[in-house]
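Descriptive analysis of the structure
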Amino acid sequence: MRRGALRAEDEGRGPISNERATIATIAEEAGVSVPTVSKVLNGRADVAEATRVRIEELIQHHGYRRRRVAPATNAPMVDLVFHRLGSPWAMELIRGVEDVAREAGVEVVLSEAGEGRIPRTEWLESVLKRRPLGAIMVFSDLEASQRRQLEARNIPFVVVDPVGEEVDDVPSIGSANFNGGMVATRHLLGLGHRRIAVIGSAQDVPCSTARIAGYRAALEAHGVPVDPRFIRHGNFSVDGGHRHGLDLLQLADRPTAIFAGSDLQALGVYKAARDLSLHVPQDVSVVGYDNIDAAVWVGPTLTTVEQPLMEMAQQATRLVLALSRGERPSSTRMDLANTLVVRESTARPPSDA
């Protein structure tokens, strides 16, 4: 065996097999040693940034794909990445991932991307070192360069409830958001409401955009004009629901019903109604989205669209493990069905409306 190839194996995590010529070509074109390329592939920090960038560019140029090897630790693992941890919504997804991972003898590593929804550079460097079986990105996304780096190391990833531009070749698990928005609005229309507001997330979040599109479609199908004042964009949080709820409920012709894009936002609307001495559902009906445990703890209990969070997480975990084994499922994109759960927070509009 050539000395360069031997050193690359020592620096890395397994033999490069018939890809030695490719890694040697990358090293030659970058003007560095084979071990330096291996360090970049393994996420080592002791490489100058300019050198790392040059090597990454050459890796992509040559379409290099490292052969899957055993994880660096004795226990195989998957990375589960959220843009924000700590919510009931996140806990439901964590339980779903852990259910499948536990049966497969796989550990789960939790990471938080932060408000920007794009994982930090430190996360990517950590993943390249750990070499997990795969990564599950929940309400988060990857930059194109991050995707390429994971692909080059043969680390598959699956996006749950994508927040960025949907790309055909990116495996993803979501739910029927358009239908969810439509059934929630149809329920309120069926009760006699015509002044119906909606509070979604940011305008560039696809799941929220789809829910609002379903809301619009339901109104238009019933011949109800869409009032732009009644369409608000929050952030799926209690604070966002409270802020927009206060504003909506203080309008001269306030809405008689509010469809919130998440149960947490719906709880914020509850608080806004209390602050204004209004009652749910006597003065304003409220519909949420997700059906988290808190939906049955509050009074009145919350009517909501049940998003199959645990099933989404389970499907995503099965998919990323299948991809890690080299399998190619017939479909790597899936939207699961959702259902409306009617409880106490919706009723006919006030008689004076």
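Every residue gets a number counted from 1 within its own chain, in the order that chain's sequence is written. For a predicted model such as this one, the threshold for reporting local features is a pLDDT of at least 70, and the threshold for listing and counting side-chain atom pairs is 80 or more; totals across whole chains, interfaces and linings nevertheless cover every residue. Only hydrogens and water are removed before side-chain values are computed, so all heavy atoms of the structure are retained for them.

1. Description of the nonpolar core
Put simply, the rule is: Definition of nonpolar core: a set of buried residues of the types Ala, Val, Leu, Ile, Met, Phe, Trp, Tyr and Cys, connected through side-chain atoms within 4.5 Å. Burial classification: accessible surface area is computed with a 1.4 Å probe over protein chains only, and a residue below 20% of its type maximum counts as buried, one above 50% as exposed, and the rest as partly exposed. Strands are runs of DSSP state E lasting at least 2 residues, helices are runs of H or I lasting at least 4, and numbering of each runs from the N terminus. The criterion used for residue contact is that any of the two residues' heavy atoms lie within 4.5 Å.
One finds Ile196, Tyr215, Leu249, Ile258, Phe259 and Val286 to be the most contacted residues of the largest nonpolar core, which totals 35 residues. Secondary-structure elements contributing two or more residues to this core are helix 8 (177–190), strand 6 (196–200), helix 9 (206–221), helix 10 (238–249), strand 8 (257–260), helix 11 (263–275) and strand 9 (285–290). In terms of residue count, helix 11 provides more of this core than any other element does, five residues in total. Leave out the neighbours within four places in its chain, and Leu249 touches Arg254, Pro255, Ile258, Ala272, Ala273, Leu276, Leu278 and Val284. Formed by 29 residues, the second largest nonpolar core is a distinct cluster that contains Ala90, Ala101, Ile136 and Ala313.

2. Quick look at the packing of aromatic side chains
Here is the rule: Note on ring pairs: Phe, Tyr and Trp rings are taken, using the six-membered ring of Trp, and paired if centres are within 6.5 Å. Classes follow the plane angle, with under 30 degrees stacked, over 60 edge-to-face and the rest tilted. Look at NZ for Lys and CZ for Arg. If either is within 6 Å of the ring centre and within 35 degrees of the ring normal, a charge sits over the ring.
Under the counting rule described, the total for this entry stands at one aromatic pair. Considering the side-chain rings of Phe259 and Tyr289, the 6.3 Å spacing of their centres and the 40 degrees angle between planes classify their relative orientation as tilted. Separated by 30 residues along the polypeptide, Phe259 in strand 8 and Tyr289 in strand 9 bring together distant segments of the chain. Exposure remark for Phe259: the relative accessible area of 1% places this residue in the buried category. By relative accessible area, which is 0% here, Tyr289 ends up buried. One Lys or Arg, Arg211, reaches over the ring of Tyr289 and ends 3.7 Å from the middle of that ring.

3. A look at the pattern of salt bridges
What counts, and what does not: Note on definitions: salt bridges are taken to be side-chain nitrogens of Lys or Arg within 4 Å of carboxyl oxygens of Asp or Glu.
A complete count under the given rule lists eight salt bridges for this structure. In this structure, Lys271 and Asp275 form a salt bridge, with 3.4 Å as the shortest nitrogen-oxygen distance. With Lys271 and Asp275 both in helix 11 and four residues apart, the pair spans about one turn of that helix. The partly exposed category is assigned to Lys271, whose relative accessible area is 35%. Among the residues examined, Asp275 registers a relative accessible area of 43% and is labelled partly exposed.

4. Details of the side chain of Thr303
Short version of the rule: Residues adjacent in sequence count toward polar contacts only when both atoms are side-chain atoms; beyond that, a polar contact is any pair of N or O atoms within 3.5 Å, and within protein one must be able to donate a hydrogen and the other to accept it.
Residue position: Thr303 is located in strand 10 (residues 303–306). At a separation of 2.8 Å, a polar atom in the side chain of Thr303 contacts the main-chain amide nitrogen of Arg343. Excluding residues within four positions of it along the chain, Thr303 makes contact with His187, Val286, Val287, Gly288, Leu340, Val341, Val342, Arg343, Glu344, Ser345 and Thr346.

5. Considering helix 8
To keep things clear, this is the line we draw: Expected span, for any helix, means 1.5 Å times one less than how many residues it has.
The first and last C-alpha atoms of helix 8 sit 20 Å apart over 14 residues, in line with the 20 Å expected at 1.5 Å per residue. Within helix 8 the residues assigned to the buried category are Asn177, Gly180, Gly181, Met182, Ala184, Thr185, His187, Leu188 and Leu189. Positive backbone phi, at 110 degrees, marks Gly192, one or two positions downstream of helix 8.

6. A look at the pairing of strand 6
Filter applied, for reference: Pairing between two strands requires that DSSP report at least two bridges joining them.
Counting buried positions along strand 6 gives five out of five residues, so the element sits mostly inside the fold. By the alternation rule, side chains of strand 6 split into Ile196, Val198 and Gly200 and Ala197 and Ile199, which are all buried. Of the strand pairs in this sheet, strand 6 and strand 8 are connected by four bridges, and their pairing is parallel. The residue bridging Ile196 from the neighbouring strand is Ala257, located in strand 8. Strand direction decides the pairing type here: strand 6 and strand 7 (residues 231–233), joined by three bridges, are parallel.

7. What about the packing of helix 10 against helix 11?
Heads up, the condition is: Note on geometry: axes are lines fitted to C-alpha atoms, helical ones only across the stretch in contact, with angles between N-to-C directions running from 0 to 180 degrees. Angles are sorted into four bins: roughly parallel if under 35 degrees, roughly antiparallel if over 145, roughly perpendicular if 65 to 115, and oblique for all others. Each helix crossing is assigned a hand: it is left-handed if the near helix lies turned anticlockwise from the far helix by less than a right angle, otherwise right-handed if that turn is clockwise. Ten residues, namely Ala, Val, Leu, Ile, Met, Phe, Trp, Tyr, Cys and Pro, are considered nonpolar, four, namely Asp, Glu, Lys and Arg, are considered charged, and the remaining ones, Gly among them, are considered polar.
Interhelical geometry of helix 10 versus helix 11 gives an angle of 45 degrees and a closest axis separation of 7 Å. As judged from the angle between their axes, helix 10 and helix 11 are oblique. Crossing angle aside, the handedness with which helix 10 passes helix 11 is right-handed. Facing helix 10, whose interface residues are Val238, Gly241, His242, Gly245, Leu246 and Leu249, helix 11 presents Leu264, Gln265, Leu267, Gly268, Val269, Lys271, Ala272, Ala273 and Asp275. For the contact of helix 10 with helix 11, the residue count by class is eight nonpolar, five polar and two charged.

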